[in-house]
Amino acid sequence: MSPALVVTGTDTGVGKTVFAAALAGALAGAYWKPVQAGLEEETDSDLVARLSGLPAERILPEAYRLRTPCSPHRAAELDGVAIDPARLVLPGCGHRLVIEGAGGALVPLTRDLVFADIFARWALPVVLVARTALGTINHSLLSIEALRARGIAIAGIAFVGEANEDSEATIAAMGDVRRLGRLPHLDPLDRDGLARAFAAHFRVEDFAV
Ligand SMILES: Nc1ncnc2c1ncn2[C@@H]1O[C@H](COP(=O)(O)OP(=O)(O)OP(=O)(O)O)[C@@H](O)[C@H]1O
Ligand SMILES: C[C@H](N)[C@H](N)CCCCCC(=O)O
Ligand SMILES: [Mg+2]
């Protein structure tokens, strides 16, 4: 079983962090957001701390905390730094690590390196988080194609949103990926409700890859 799992998405704002919080909690693992772009609002690590039930020491510190909520390559430039891939090495933590990218799989870290390049170097299985809303078939199949082109193993696709059975089944079939489950929209979004929803809609054994 891999020491870590990568959570990427078909886009920014699809629900990677909420899903990662649920997964890290269900695995009693740890969470790492290597590159955080945007510090004004609650960071992804803060959200995971609030929703996962993990102890604080299992939310690992980011390698880069960048002020501007935009693509990391640009956020780094605006902060006068350059993201060094050598700093994006997997931290040992003694627990199954859930690693969240930023935005979608081809989001740039520099002007000649994207997240998927780092995912390929890590050689870890990737969970793709996708919306269920109209447009997700294209976004999901494009993301799958981009990950596969880099030889990245896809553990499966996790949907977030209201059920759309045909889109979900179409993506799984045409993308040849396992449908891991669907996290419904939760209101309120809180730790217990999230843990219950994950347990109801996913099988933790599917992540033992
Ligand atoms: N299952 C859910 N139920 C209710 N709200 C959700 C759910 N999933 C995500 N959200 C909300 O949708 C917004 C985007 O979710 P999230 O931050 O997880 O996206 P993301 O893919 O991690 O974005 P980023 O690319 O910025 O990291 C947040 O306000 C979050 O609270
Ligand atoms: C700022 C946002 N919340 C994410 N952290 C970064 C999203 C980068 C998206 C880049 C793009 O696809 O245009
Ligand atoms: Mg996030």
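What you see is a predicted model, and the numbers here were worked out from it, not measured in a lab.

Asker: I tried to follow the coordination of the magnesium ion (ligand 3) on my own but got confused; where do I start?
Answerer: In the first shell of the magnesium ion (ligand 3), the protein supplies Thr-17 (OG1), Asp-44 (OD) and Glu-100 (OE), at 2.0 to 2.2 Å from the metal. All donors to the magnesium ion (ligand 3) come from one chain, and their sequence spacing reads T-x26-D-x55-E. Of this pair, Thr-17 sits in helix H1 (residues 16-26) while Asp-44 sits in helix H2 (residues 44-52), and the two are 27 residues apart along the sequence. For Thr-17, a relative accessible area of 8% corresponds to the buried category. A relative accessible area of 16% means that Asp-44 is categorised as buried.

Asker: Sorry if this is basic, but what is going on with the sheet that holds strand S11 (residues 179-183) here?
Answerer: Either a parallel or an antiparallel arrangement is found when strands of a sheet pair, and the pairing is made through backbone hydrogen bonds. A sheet is described by the order of its strands in space; here 7 strands give the open sequence S4-S2-S6-S1-S9-S10-S11, paired in parallel fashion. The strands lining the two open edges of the sheet, one partner per strand, are strand S4 (59-60) and S11. With 2 bridges connecting them, strand S2 (residues 30-32) and S4 associate as parallel partners. Following the sheet pairing, Tyr-31 is matched in S4 by Ile-59. Along the sheet face, helix H4 (residues 115-122) touches strand S1 (4-9), S2, strand S6 (97-104) and strand S9 (126-131) and points at about 155° away from the line of S6.

Asker: What am I meant to see in the site of ligand 1 here?
Answerer: Residues in close proximity to ligand 1 total 17 residues, the closest being Thr-12, Lys-16, Thr-17, Pro-184 and Leu-186. Glu-100 is positioned with one of its side-chain polar atoms (N or O) 3.1 Å from an oxygen atom of ligand 1. At a separation of 3.0 Å, a nitrogen atom of ligand 1 approaches a polar backbone atom of Pro-184. Relative to its unbound accessible area of 620 Å², ligand 1 is 73% covered by the protein chains. When contributions to the shell around ligand 1 are tallied by element, the ones reaching two or more residues are H1 and S6. Here the shell around ligand 1 takes 3 residues from H1, the largest share from any one element. In terms of residue class, the shell around ligand 1 is built from 7 nonpolar, 6 polar and 4 charged.

Asker: What should I look at first to understand the pattern of salt bridges in this one?
Answerer: What the rule picks out here adds up to 14 salt bridges. Residue Arg-111 is joined to Glu-77 by a salt bridge in which the shortest nitrogen-to-oxygen separation is 2.7 Å. One end of the pair, Arg-111, is in the loop between strand S7 (108-110) and strand S8 (113-114); the other, Glu-77, is in helix H3 (residues 72-78), and 34 residues separate them in sequence. A network of salt bridges, in which partner residues are shared, links Arg-178, Arg-203, Glu-205 and Asp-206.

Asker: Looking at this model, I keep getting lost on the nonpolar core. Mind explaining?
Answerer: In terms of nonpolar packing, the biggest core is built from 39 residues, with Val-35, Ile-83, Leu-88, Leu-109, Phe-119, Trp-122 and Leu-147 touching the most fellow members. In terms of residues, this core owes the most to one element, H4, which gives 5 residues. Sequence-distant contacts of Leu-109, defined by excluding residues within four places in its chain, comprise Val-35, Pro-72, His-73, Ile-83, Leu-88, Val-114, Phe-115 and Ile-118. Of all hydrophobic cores here, the second largest spans 30 residues; its members include Val-127, Leu-183, Leu-186 and Phe-198.

Asker: Hey, could you run me through helix H5 (residues 136-149) in this one?
Answerer: Given 3.6 residues to a turn, an α-helix orients residues that are three or four positions apart in the same direction. The first and last C-alpha atoms of H5 sit 20 Å apart over 14 residues, in line with the 20 Å expected at 1.5 Å per residue. Residues of H5 that are buried: Thr-136, Ser-140, Ser-143, Ile-144, Ala-146 and Leu-147. The arc enclosing the buried residues of H5, seen along the axis, measures out at 165°, which places them on a common side. With respect to the buried face of H5, the exposed residues turned more than 90 degrees away are Glu-145 and Ala-149. Turning to H5, the residues buried within the fold contact S1, H4, S9, strand S10 (154-160) and helix H6 (165-175). Phi turns positive, to about 70°, at Gly-151, one or two residues after H5.

Asker: Can you help me understand the UniProt feature "active site" (unreviewed entry) in the chain in this one?
Answerer: Cross-referencing UniProt, the feature "active site" (unreviewed entry) maps to Lys-33 in the present numbering. Along the chain, Lys-33 turns up in the loop between S2 and strand S3 (35-37). Setting aside chain neighbours within four positions, we find Lys-33 in contact with Asp-44, Ser-45, Glu-62, Ala-63, Glu-100, Gly-101 and Ala-102.

Thresholds applied
- Residues numbered from 1 in each chain as written.
- Chains lettered and ligands numbered in written order.
- Predicted model: local features only at pLDDT ≥ 70, side-chain atom pairs only at ≥ 80, totals over all residues.
- Heavy atoms only, no water.
- Donors = N, O, S within 2.8 Å, 3.2 Å for Na, K, Ca; no water.
- Helix = DSSP H or I, 4+ residues; strand = E, 2+ residues; numbered from the N terminus.
- Buried < 20%, exposed > 50% of the residue type's maximum accessible area, 1.4 Å probe, protein only.
- Pairing = 2+ DSSP bridges.
- Contact = heavy atoms within 4.5 Å.
- Axes fitted to C-alpha atoms, helices over the stretch in contact; angles between N-to-C directions.
- Near = heavy atom within 4 Å.
- Polar contact = N/O pair within 3.5 Å; in protein donor to acceptor, adjacent residues only side chain to side chain.
- Areas by Shrake-Rupley, 256 points an atom, 1.4 Å probe, with all protein chains shown as cover.
- Nonpolar A, V, L, I, M, F, W, Y, C, P; charged D, E, K, R; others polar.
- Salt bridge = Lys/Arg side-chain N within 4 Å of Asp/Glu carboxyl O.
- Core = buried A, V, L, I, M, F, W, Y, C linked by side-chain atoms within 4.5 Å.
- Expected span 1.5 Å × (residues − 1).
- Arc of directions from axis to C-beta.
- UniProt positions renumbered as here; feature names shortened; annotations may be inferred.

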